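Architecture and fold: a report
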Amino acid sequence: MEAKKIIATLETRTSKSGNEYQVVVIKLTDTYEKLVFLDKAELELLNVSSESHFY
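Residues numbered from 1 in each chain as written. Predicted model: local features only at pLDDT ≥ 70, side-chain atom pairs only at ≥ 80, totals over all residues. Heavy atoms only, no water.

**Considering the sheet that holds strand β1 (residues 7–14)**
Read across the open sheet, the three strands follow the order β1-β2-β3; overall the sheet is antiparallel. In the strand order of this sheet, the two ends are held by β1 and β3 (33–37), each with one partner. For this sheet, the mean angle separating the axes of adjacent strands, direction not counted, is 35°. Of the pairings in the sheet, the one linking strand β2 (residues 20–27) to β3 comprises five bridges and is antiparallel in character. Each residue of the ladder has a partner; that of Lys 27, found in β3, is Glu 33. (Pairing = 2+ DSSP bridges. Helix = DSSP H or I, 4+ residues; strand = E, 2+ residues; numbered from the N terminus. Axes fitted to C-alpha atoms, helices over the stretch in contact; angles between N-to-C directions.)

Following this line, the structure appears as structure tokens:
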């Protein structure tokens with residue numbers, strides 16, 4: 001399968017009950033988004049990989 005580029009962002013949103021959460025939002029079309037919920041370890045990997053320096 002050929003690789004395809006997608007548009008995705010990591011967003012902080014608020015649930016109906018008022019709790020904040022982080023979710024990856026994949027923009028499929030102009031009118032449809034796919035939400036991908038990550039566990040704590042996956043979120044930490046994203047945070048570490050986005051830092052400008054590593055130890």
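There is more to say after this.
**Points about the pattern of salt bridges**
Overall, the coordinates contain two salt bridges when judged by the stated rule. For Glu 11, the salt bridge goes to Arg 13, with nearest N and O atoms at 3.0 Å. Looking at Glu 11, the relative accessible area reads 26%, which means it is partly exposed. Using a relative accessible area of 24% as the deciding quantity, one classes Arg 13 as partly exposed. Here Glu 33 and Arg 13 are joined by a salt bridge, their closest N and O atoms 3.3 Å apart. (Salt bridge = Lys/Arg side-chain N within 4 Å of Asp/Glu carboxyl O. Buried < 20%, exposed > 50% of the residue type's maximum accessible area, 1.4 Å probe, protein only.)

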